[in-house]
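Listed below are the residues making up each chain.
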Amino acid sequence: MANFVPVKKEKHQNLKVSDRRSLDHIKNQHLVGATAREFNQLAPSFPLFFIKEGDIYRSVALLGLQAGENLFYYNDRFNAIALPQALALSPFALGLDDEKENTITACIDVDSEHVGEDKELALFDAEGNESDVFKSVQESLGNLYENEVMTEKFIKELVDNDLLQEFELLINLASGEKKRLVGLYGIDEKKLNTLSDEKTLDFHKRGLFIPIHSMMVSMGQVNRLVQLRNEHTEQKVAGIKLQPRTAD
């Protein structure tokens, strides 16, 4: 279980991180966060969807066909050409500063196997100054924060224009068992095509069609998940269908 805490010089002056870090902490994770600015890069590798947590939508890359399954993790490594920005920054993440109200700061997973005083890359030098490594991490976390804010605005545009719909994955296993994965949201193509000319031009000018089309194209990568399942697990898939969810 991750244990993220804000990085503080007085507490973590001697803390270091490994120069080589694995992603084995997500080997049983079937979803990872992805920002809209990354969609174009991630679409050739992962199916991209939104999931709903309460009233909030969150954009994710789908890594498996069921909870606890990461089909990209095999041979003791994560096998994908692209890597979501948040994963690339592990064991660092954005979090709230417990000493400053409503302030986002750099946090580190102090329970990670890649964090400790015996590792290679220091966060602070002997004088307590931030190292170049930690400065680079903070810059990347700042970029991630900006991307997450932009993603929230992008999702709001989709919701405000009623462009989201729920999809379901119908999975036929070679054993004869049938499964259904729900709770995945994507672009309603029919409603997208009926946007007014004024709204369409507005979306074009603001670059909103780039992540929209990337997300729509990425859904073809569901077939990649089937390929990985059939290559690396015993529970083979005989057929799969992605469609708008029908009423139960």
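None of these values were measured; they are calculated from a predicted model.

(A) Summary view of the environment of Arg-20. Summarising the element assignment, Arg-20 is placed in the loop between β2 (16-17) and β3 (31-33). Residues Arg-20 and Lys-119, spaced 99 residues apart in sequence, show a C-alpha to C-alpha distance of 9.9 Å.

(B) Expanded view of the packing of aromatic side chains. Tallied over the entire structure, the rule returns nine aromatic pairs. Between Phe-39 and Phe-154 the ring centres are 6.3 Å apart and the planes differ by 80°, which places this aromatic pair in the edge-to-face class. Residue Phe-39 is located in helix α2 (residues 39-42), and its partner Phe-154 is located in helix α4 (residues 132-160); the two are separated by 115 residues in the primary sequence. Overall, the relative accessible area of 0% leaves Phe-39 in the buried class.

(C) View of the pattern of salt bridges. Overall, the coordinates contain ten salt bridges when judged by the stated rule. Across the salt bridge formed by Glu-99 and Lys-8, the nearest N and O atoms sit 3.6 Å from each other. Here Lys-8 lies in the loop between β1 (4-6) and α1 (9-12) and Glu-99 lies in the loop between β8 (92-96) and β9 (104-109), a separation of 91 residues in the sequence. Between Lys-191 and Asp-162 there is a salt bridge, with its nearest N and O atoms 2.6 Å apart. Of this pair, Lys-191 sits in helix α5 (residues 189-193) while Asp-162 sits in the loop between α4 and β12 (164-173), and the two are 29 residues apart along the sequence. According to the relative accessible area criterion, Asp-162 is partly exposed, its value standing at 42%. Connected through salt bridges with shared partners, the residues Lys-8, Asp-97 and Glu-99 form a single ionic network.

(D) Here's a closer look at the side chain of Ser-112. For Ser-112, the location among the structural elements is in the loop between β9 and β10 (115-116). Here the side chain of Ser-112 touches His-114 through a polar contact of 3.0 Å, landing on its backbone nitrogen.

(E) Just the pairing of strand β4 (residues 48-53), in detail. Of the pairings in the sheet, the one linking β4 to strand β5 (residues 56-62) comprises six bridges and is antiparallel in character. Looking at the pairing, Phe-49 lines up with Val-60 of β5. Connecting the antiparallel pair β4 and β5 is a turn made up of two residues, with Gly-54 showing a positive phi of about 70°.

(F) Expanded view of unusual backbone geometry. Backbone torsion omega between Ser-90 and Pro-91 reads 15°, so that peptide bond is classified as cis. Checked against the element boundaries, Pro-91 lands in the loop between α3 (85-88) and β8. In this model, Asn-75 sits at a positive phi of 55°, which is unusual for a non-glycine residue. Along the polypeptide, Asn-75 turns up in the loop between β6 (73-74) and β7 (77-78). Positive phi is not limited to glycine here, since Asp-76 has a value of about 60°. Inspection of the secondary structure puts Asp-76 in the loop between β6 and β7.

(G) Seen up close, the sheet that holds β10. Strand order in the open sheet formed by three strands is β10-β2-β11, with antiparallel pairing between adjacent strands. Both edges of this open sheet fall to β10 and β11 (121-122), since each of them pairs with a single strand only. When β2 meets β10, the two strands line up antiparallel, connected through two bridges. Residue pairing for β10: Lys-16 is matched across the bridge by Gly-116.

(H) Broad picture of helix α8 (residues 222-232). For α8, the full list of buried residues reads Val-222, Leu-225, Val-226, Leu-228 and Arg-229. The arc that holds every buried residue of α8, seen down its axis, measures 165°, which confines them to one face. Contacts from the buried residues of α8 go to β4, β5, β6, β12, α7 (209-218) and β14 (237-244).

(I) Region of the structure containing a nonpolar patch on the surface. A contiguous nonpolar patch, built from Leu-96, Ile-104 and Tyr-145 and spanning about 300 Å² of accessible area, is present on the exposed surface. With a relative accessible area of 58%, Leu-96 lands in the exposed category.

(J) Inspection of the sheet that holds β9 at higher detail. Taken in spatial order, the three strands of this open sheet run β1-β9-β8, and their pairing is antiparallel. The sheet is open, and its two borders are formed by β1 and β8, each paired with just one other strand. Neighbour to neighbour, the strand axes of the sheet diverge by 45° on average, direction disregarded. Note: β1 against β9, three bridges, orientation antiparallel. Bridge assignment links Phe-4 to a residue of β9, and that residue is Asp-109. Packed on one face of the sheet, α4 meets β8 and β9 and runs near 60° to β8.

The rules behind each value
- Residues numbered from 1 in each chain as written.
- Predicted model: local features only at pLDDT ≥ 70, side-chain atom pairs only at ≥ 80, totals over all residues.
- Heavy atoms only, no water.
- Helix = DSSP H or I, 4+ residues; strand = E, 2+ residues; numbered from the N terminus.
- Phe/Tyr/Trp six-rings, centres within 6.5 Å; stacked < 30°, edge-to-face > 60°.
- Buried < 20%, exposed > 50% of the residue type's maximum accessible area, 1.4 Å probe, protein only.
- Salt bridge = Lys/Arg side-chain N within 4 Å of Asp/Glu carboxyl O.
- Polar contact = N/O pair within 3.5 Å; in protein donor to acceptor, adjacent residues only side chain to side chain.
- Pairing = 2+ DSSP bridges.
- Arc of directions from axis to C-beta.
- Contact = heavy atoms within 4.5 Å.
- Patch = residues over 30% accessible without salt bridge, like charges linked within 9 Å, V, L, I, M, F, W, Y side chains within 5 Å.
- Areas by Shrake-Rupley, 256 points an atom, 1.4 Å probe, with all protein chains shown as cover.
- Axes fitted to C-alpha atoms, helices over the stretch in contact; angles between N-to-C directions.

In short, shape yes, function no, at least from these values alone.
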